[in-house]
Amino acid sequence: MKKEFRTIWWDKGSVVIIDQRLIPYRIKYIKIRSYKEMANAIKKMAIRGAPAIGVAAAMGMALAVVNMKSNNKEMLINRLEKAGEIIRSTRPTAVNLFWAVDRIMKIARESPSGEKLKINVLNEALRMAEEDIEINKKIGEIGSRLIEDGDKILTHCNAGALATVGHGTALGVIKTAYSQGKRIIVYASETRPRLQGAKLTTWELIRENIPVKLITDNMSAFLMQKKEISKVIVGADRILAKTGHVINKIGTLSHAITAKYYGIPFIVAAPSSSIDLNHNPDEVVIEERDVDEVLYIDGVRIAPRGVEVVNPAFDITPPELVSYIVTEKGVFKPEELRRLVE
Ligand code: MRU
């Protein structure tokens, strides 16, 4: 197995990220020097995936203060509030973004002075990055107990190392199970419109020598009917503790409905930072992205001028379609999450 890579790290007053828009054609790292550049990188999806954008948000908040000359605590808090507002407005659906900004704001407010605030905010962001890798490894270890030798696993979008700081959630489970010697074949659904499955998931799995077959999104029902898929594992952008609904990349719901029809376990792997304790399904904002994502594939137009387009980036899978939710704290049935809010 190749050495695992990181998607984001702190580098002497700036942040380096892998530009995910170019994979698999090119591996390019970009330097982010300000919170505005970070907000733009999240919005334009140079960095993407719920846990990764959570850590990117935290590091963006750190950038907002560490390079400031002033050590006036009130000024620094004001700047963080402004940075937080801009970062929060980049992508509305993944709860990790909001969780990260809140966590940084709390540390900043609790700091006794401006000097301490800068140190504490940076240390917290760095801690969140390290924690993310540890949490994913734990999810991998716990989730791998649900994987059997010979499983043929469908995954959607990219919930791999690229969607996190490292190792991944759904792909982390697959990687851990594979490293235990379980023979696994992965079906990666391409994930239109942005093709994270085709471009990112296959790239990661090929890199790790894990057998992977690419399919288009509309092939999963036929493969399930033919008993070519024995499990489905996906990540999550938000899991609603009150109701057990799972919000993930558009197309997840179709795979879940089909898996239920054919009696195939549907597993969600995500860190507890993806659990939303407060909202109901109709209160969650589903990101609508630019129609050009649907009209063009890699710059080539595929539909006639004048056609109307909708482009919701996520869908909401109800709890009755979800077999297990794997977090770093254990395996839960969706209805068991309610206990977290009672
Ligand atoms: O729009 P993206 O690429 O950020 O969406 C990513 C997903 O939907 C992932 O499945 C989810 O964030 C889980 S990643 C561990």
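Basis of the calculations
- Residues numbered from 1 in each chain as written.
- Predicted model: local features only at pLDDT ≥ 70, side-chain atom pairs only at ≥ 80, totals over all residues.
- Heavy atoms only, no water.
- Helix = DSSP H or I, 4+ residues; strand = E, 2+ residues; numbered from the N terminus.
- Rg over C-alpha atoms; globule rule 2.2 N^0.38 Å.
- Buried < 20%, exposed > 50% of the residue type's maximum accessible area, 1.4 Å probe, protein only.
- Phe/Tyr/Trp six-rings, centres within 6.5 Å; stacked < 30°, edge-to-face > 60°.
- Lys NZ or Arg CZ within 6 Å of the ring centre and 35° of its normal.
- Pairing = 2+ DSSP bridges.
- Expected span 1.5 Å × (residues − 1).
- Contact = heavy atoms within 4.5 Å.
- Axes fitted to C-alpha atoms, helices over the stretch in contact; angles between N-to-C directions.
- Near = heavy atom within 4 Å.
- Polar contact = N/O pair within 3.5 Å; in protein donor to acceptor, adjacent residues only side chain to side chain.
- Areas by Shrake-Rupley, 256 points an atom, 1.4 Å probe, with all protein chains shown as cover.
- Domains from an automatic or database assignment.
- Salt bridge = Lys/Arg side-chain N within 4 Å of Asp/Glu carboxyl O.

Tallying secondary structure elements over the protein chain gives ten helices and 16 strands in all. Its C-alpha atoms give the protein chain a radius of gyration of 20 Å, within 12% of the compact-globule value 20 Å for 342 residues. The principal-axis extents of the C-alpha atoms in the protein chain amount to approximately 65 × 50 × 40 Å. Counting the 342 residues in the protein chain, one finds 56% classified as buried.

This brings us to the packing of aromatic side chains. Going through the model one piece at a time under the given rule, you end up with three aromatic pairs. It is K249 that lies over the ring of F314; its NZ or CZ is 4.2 Å from the centre.

With that settled, the discussion passes to the pairing of strand 1 (residues 8-11). Side chains of strand 1 alternate between two faces, with I8 and W10 buried and W9 and D11 left unburied. As paired elements, strand 1 and strand 2 (residues 14-18) share four bridges and run antiparallel to each other. Within strand 2, the position partnered with W9 by the bridge is V16. Hairpin connection of strand 1 to strand 2: two residues between the antiparallel strands, including K12 at a positive phi of 45°.

Because each turn of an α-helix spans 3.6 residues, side chains separated by three or four positions in sequence point in the same direction. In a regular helix each residue adds 1.5 Å, so 16 residues correspond to 22 Å; helix 4 (residues 95-110) covers 23 Å between its end C-alpha atoms and thus fits that length. By the burial criterion, the buried members of helix 4 are V95, N96, L97, F98, A100, V101, R103, I104, M105 and A108. Buried residues in helix 4 make contact with helix 1 (35-43), helix 2 (50-66), helix 3 (73-88), helix 5 (114-144), strand 8 (238-240) and strand 11 (275-276).

This paragraph deals with the sheet that holds strand 2. The strands making up a sheet associate through hydrogen bonds between their backbones, and the pairing can be parallel or antiparallel. Reading across from one edge, 1-2-3 is the order of the three strands in this open sheet, with antiparallel pairing throughout. For this open sheet the edge positions go to strand 1 and strand 3 (29-32), each flanked by a neighbour on one side alone. For this sheet the average axis-to-axis angle between neighbouring strands, irrespective of direction, equals 25°. Packing against the sheet, helix 1 makes contact with strand 1, strand 2 and strand 3, and its axis sits at approximately 140° to strand 3.

Another point: the site of the ligand. Residues in contact with the ligand amount to 18 residues; listed here are only the nearest, R48, R91, D237, N248 and K249. N248 is positioned with one of its side-chain polar atoms (N or O) 2.7 Å from an oxygen atom of the ligand. Its free accessible area being 420 Å², the ligand has 100% of it covered by the protein chains. Among the secondary structure elements, those contributing two or more residues to the shell around the ligand are helix 2 and strand 9 (246-249). If you count residues domain by domain, the shell around the ligand takes at least three from each of domain 1 (8-138) and domain 2 (139-340).

Attention now goes to the pattern of salt bridges. What the rule picks out here adds up to 24 salt bridges. Two residues, E228 and K152, come together in a salt bridge whose shortest N-O distance is 3.6 Å. Pair noted here: E228 is in the loop between helix 8 (220-225) and strand 7 (231-234) and K152 is in strand 4 (residues 152-156), with a separation of 76 residues, a long-range link. K152 gets classed as partly exposed once you look at its relative accessible area, which sits at 25%. Taking the shortest distance from any N to any O, the salt bridge between E287 and R289 comes out at 2.7 Å. R289 carries the same exposure label as E287, and that label is buried. The structure contains a network of salt bridges with shared partners spanning R91, R194, E287, R289 and E293.

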